[in-house]
Amino acid sequence: MALIYPRESLSVFPKHLSPEYRSTVKRSPSQPLILMPHTLSELSGPVYGHNAVQEGDADLTKQHKGEPLGERIIVHGHVYDEDKRPVPDTLVEIWQANACGRYVHNVDQHPAPLDPNFTGSGRTVTDKNGYYRFITVKPGAYPWGNHPNAWRPNHIHFSVFGHSFLSRLVTQMYFPGDPLFPFDPIFNSVTDEKARLRMVSTFDLENTIPDWALCFRFDIVLRGREETPPDKH
Amino acid sequence: MSDITPSQTVGPYFAYGLTPHSRCNWSPDQKVYDWKETVGANLVTPDATGEKIRIEGRVTDGDGLAINDAMIEIWQADSQGRYASPADKRARTNALFKGFGRSATDKEGGYSFDTIKPGAVPGPNGKPQAPHIVVCIYSRGMLRQVYTRLYFSDEAANAGDAILALVPEERRGTLIAHKESGKGQTVYRFDIRVQGEGETVFFDI
């Protein structure tokens, strides 16, 4: 499959320099990026299929002796290209804070408890329909030092590969109706409202498992489409 | 109109998920996280032919300070210039060499990869490109990844490379990894300056 990767699709991405998010000020290129044609080096990309994933990697509640505290949830969805065709056999990696809003990362010293039964990293590969599914607990909000009383909305970090190095995406999945949305400069670095809302999962009652776990759906659309868009009938 | 999902920063806490065995974790009392690595900083496989090399560098910000929480990903061809990807029709089937690696930066902003020097790969208008590695940088404070390229200081083919030719001459040097001798192995040094004096060239792709 030969895909093309129009640059216009990236127009909804955040700007490298988004001063409301303070860390961007010294970590964004100041020189204009150099426009270049896509060569085989960009149009190809690594394939990490089922051999990269072990049984159980997609269930973050079963990685330790006991079950983690918090609200058990299912997070699932499809990975698509820009033509809305499924992206099969592609690696999806996630990482997140625990239910208290604490990461196991050494640098996170936020005074909230660690959970000995929760690490917060997961990994899976999409099936032939581009479908993926994780079981985890809902991450908590947590404070950060960007500005006085800054709190990140609840979110799960996603890393996805797709068909080439150009479709590589690192993003964050948010939860519907989070009251912190208006105050978060990372979420709001995506200035187009429709695009911003594509990072918000939807509550999926139908796939909730009664007496066991709520469910959220998060579909991901990666760069890449056919040169001639498919006919729309 | 595309319905693409926007990028967000990798944040400061990716290490236990994406680079659990890398140098990212510079706490003195804990070496690595207990999570299998998807991919690491050593790309060399038993079936890889060609020259073994090490790439080392530092990542710094607009004040010249170390970026100690970045993740670097590299993507490269094998020594014959073939990518281990369905997009490359010349790809060897069942090759162990993947050409993809990840390294987190340490306290000093340092990163490294052990790999094979790539061969020349096909380029625009049927002309080969000089050997190079695609380099992608993610970190806290980067809302989207930035792409650059690493070329090798000892390659005459650089002079005819179509992509290098797009870069203003005075900035081209930021894309050249310099061969260092006397270390017992071939080391290429490639520092990445995200902003400011000597700013690395990043590509709009």
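1. Comments concerning the overall build of chain A
Right, so step 1: Each helix and strand counted, chain A has two helices and 12 strands in total.
Right, so step 2: If you list the helices and strands of chain A from N to C, you get β-α-β-β-β-β-β-β-β-β-α-β-β-β.
Right, so step 3: In summary, chain A has a C-alpha radius of gyration of 19 Å against a globular reference of 17 Å for 233 residues, a match within 12%.
Right, so step 4: Dimensions of chain A, computed from the C-alpha atoms along their principal axes, are close to 50 × 40 × 35 Å.

2. Re unusual backbone geometry
Right, so step 1: The backbone of Asp89(A) shows a phi angle near 55°, a positive value even though the residue is not glycine.
Right, so step 2: Residue position: Asp89(A) is located in the loop between β2 (72-80) and β3 (91-96).

3. Focus on the pairing of strand β4 (residues 110-116) of chain B
All names here are of chain B.
Right, so step 1: The element β4 is largely enclosed, with a buried count of five among its seven residues.
Right, so step 2: Bridge count between strand β1 (residues 52-60) and β4: seven bridges; the pairing is antiparallel. Directly across from Lys-52, in β4, lies its bridge partner Ile-116.

4. Brief notes about the interface of chain B and chain A
Right, so step 1: Listed as interface residues are 65 residues of chain B and, on the opposing side, 67 residues of chain A.
Right, so step 2: Where the side of chain B that touches chain A is concerned, the elements lending two or more residues are α1 (15-18), β5 (121-122), β7 (132-139) and β12 (203-204) of chain B.
Right, so step 3: The biggest single contributor to the side of chain B that touches chain A is β7(B), with five residues.
Right, so step 4: In terms of strand pairing, strand β1 (residues 34-35) of chain A meets β12(B) through two bridges, oriented parallel. Residue pairing for β12(B): Leu35(A) is matched across the bridge by Asp204(B).

5. As for the environment of Asp69(B)
Right, so step 1: Along the chain, the position of Asp69(B) falls in the loop between β1 and β2 (70-75).
Right, so step 2: Sequence-distant contacts of Asp69(B), defined by excluding residues within four places in its chain, comprise Pro12(B), Thr105(B), Ser139(B) and Arg140(B).

Calculation rules
- Residues numbered from 1 in each chain as written.
- Chains lettered and ligands numbered in written order.
- Predicted model: local features only at pLDDT ≥ 70, side-chain atom pairs only at ≥ 80, totals over all residues.
- Helix = DSSP H or I, 4+ residues; strand = E, 2+ residues; numbered from the N terminus.
- Rg over C-alpha atoms; globule rule 2.2 N^0.38 Å.
- Buried ≥ 20, exposed ≤ 12 C-beta atoms within 10 Å, placed from the backbone.
- Pairing = 2+ DSSP bridges.
- Contact = placed C-beta atoms within 7 Å.

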